[in-house]
Amino acid sequence: MRDLIQNKFQGIKHKWFYLPVKSKDFQKIIDLLTQKINQGDITVKESIDLISAFKKTEKMWLKLLTVKGRSKLYCECLLTTKNNTKIKTALSCESVLSSELMMSTPKSLKLFDIVKDKSEWKKVDSFIDPITYPPVEEELTECGYFLYKAFLKEKENNKDLYESELYTKYWSK
């Protein structure tokens, strides 16, 4: 079994792998995170963010550290949060063998960045929109808001250009 796992990860610099959220190991990870919260090793927010990211991608990601044991083999794996909190866990060798390999690390694949819905962002700066209705938060996504704000600032900085006769002749129609 040890040789099979070593062959699976042979030639791979990092040993990250995916396991499906619907596997029995996912419940073990949730139990482990609950235990680590009670011990004070991880914050509740970190744990919730990690589980949310797992559920959003429908996969959980772990890093294989080593295979341990003689008669009862198990894999020691590492669970890492967005804030780089590391938690060691033990998984069965069968789970690791049946897992899907990752092509890179979770941070480089941006797996921790949960895509927010349109309604989840809030305007937190002091920018005042000249259009009062409808509110900018309802009409634009967060990215669209920043583009709109940048356009209005550019327009303000180049007021002479936008008010020139040549500009209004060609672009105001």
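Residues numbered from 1 in each chain as written. Predicted model: local features only at pLDDT ≥ 70, side-chain atom pairs only at ≥ 80, totals over all residues. Heavy atoms only, no water.

**Q** Explanation requested: the overall build of the protein chain in the structure shown.
**A** When its secondary structure is counted, the protein chain shows eight helices and five strands. Ordered by position in the sequence, the α and β elements of the protein chain form the string α-β-α-α-β-β-β-α-β-α-α-α-α. In the protein chain, buried positions account for 32% of the 173 residues. The long-range share in the protein chain, meaning contacts at least 24 apart out of those at least 6 apart in sequence, stands at 57%. Summed over its atoms, the accessible surface of the protein chain is roughly 12,100 Å², and 54% of this surface lies on carbon and sulfur atoms. (Helix = DSSP H or I, 4+ residues; strand = E, 2+ residues; numbered from the N terminus. Buried < 20%, exposed > 50% of the residue type's maximum accessible area, 1.4 Å probe, protein only. Contact = heavy atoms within 4.5 Å. Areas by Shrake-Rupley, 256 points an atom, 1.4 Å probe, with all protein chains shown as cover.)

**Q** Even after reading the chapter, I still don't get the nonpolar core, so can you show me in this structure?
**A** Generally speaking, a soluble globular protein has its nonpolar side chains buried in company with each other. Judged by nonpolar contacts, the single largest core of 31 residues is most densely connected at F17, F54, W61 and L62. Of all elements in the fold, only β1 (16-20), α2 (24-39), α3 (44-57), β2 (59-68), β3 (74-80), β4 (86-91) and α4 (93-97) reach the threshold of two or more residues within this core. Here this core gets five residues from one element, more than from any other, and that element is β2. Excluding residues within four positions of it along the chain, L62 makes contact with K15, W16, F17, L19, I29, C77, L78, L79, T89 and L91. (Core = buried A, V, L, I, M, F, W, Y, C linked by side-chain atoms within 4.5 Å.)

**Q** Whenever I open this one, the packing of aromatic side chains confuses me. Can you help?
**A** The description of an aromatic ring pair uses the distance of the two centres, along with the angle that the planes make with each other. Within the structure shown, the criterion is met by four aromatic pairs. Both rings, one in F26 and one in F54, keep their centres 6.4 Å apart while their planes meet at 65°; by these two values the pair is edge-to-face. With F26 in helix α2 and F54 in helix α3, this residue pair connects regions lying 28 residues apart in the sequence. Comparing F26 with F54 shows no difference in burial state: the two are buried. Between F54 and W61, the ring centres sit 4.7 Å apart and the planes meet at 90°, which makes this aromatic pair edge-to-face. Judged by its relative accessible area of 0%, F54 falls in the buried class. What links up through ring pairs into an aromatic cluster is the set F26, F54, W61 and F112. Across from the ring centre of Y18, 4.5 Å away, lies the NZ or CZ of K59, which sits over that ring. (Phe/Tyr/Trp six-rings, centres within 6.5 Å; stacked < 30°, edge-to-face > 60°. Lys NZ or Arg CZ within 6 Å of the ring centre and 35° of its normal.)

**Q** What exactly am I supposed to notice about the confidence of the model for the protein chain here?
**A** For any part of a model where pLDDT is low, the fine detail of the predicted coordinates should not be relied upon. The pLDDT averaged across the protein chain works out to 81; a share of 75% of its residues lies at or above 70. Within the protein chain, the element-level pLDDT minimum falls on helix α8 (residues 165-171), averaging 57, and the maximum on β4, averaging 94. (pLDDT = per-residue confidence, 0-100.)

**Q** Mind showing me how you'd approach the side chain of S99 here?
**A** Looking at the element boundaries, S99 is found in the loop between α4 and β5 (100-101). A distance of 2.5 Å separates the side chain of S99 from the backbone oxygen of V96, its partner in a polar contact. Ignoring any residue separated from it by four or fewer positions in sequence, one finds S99 in contact with K8, F17, Y18 and L19. (Polar contact = N/O pair within 3.5 Å; in protein donor to acceptor, adjacent residues only side chain to side chain.)

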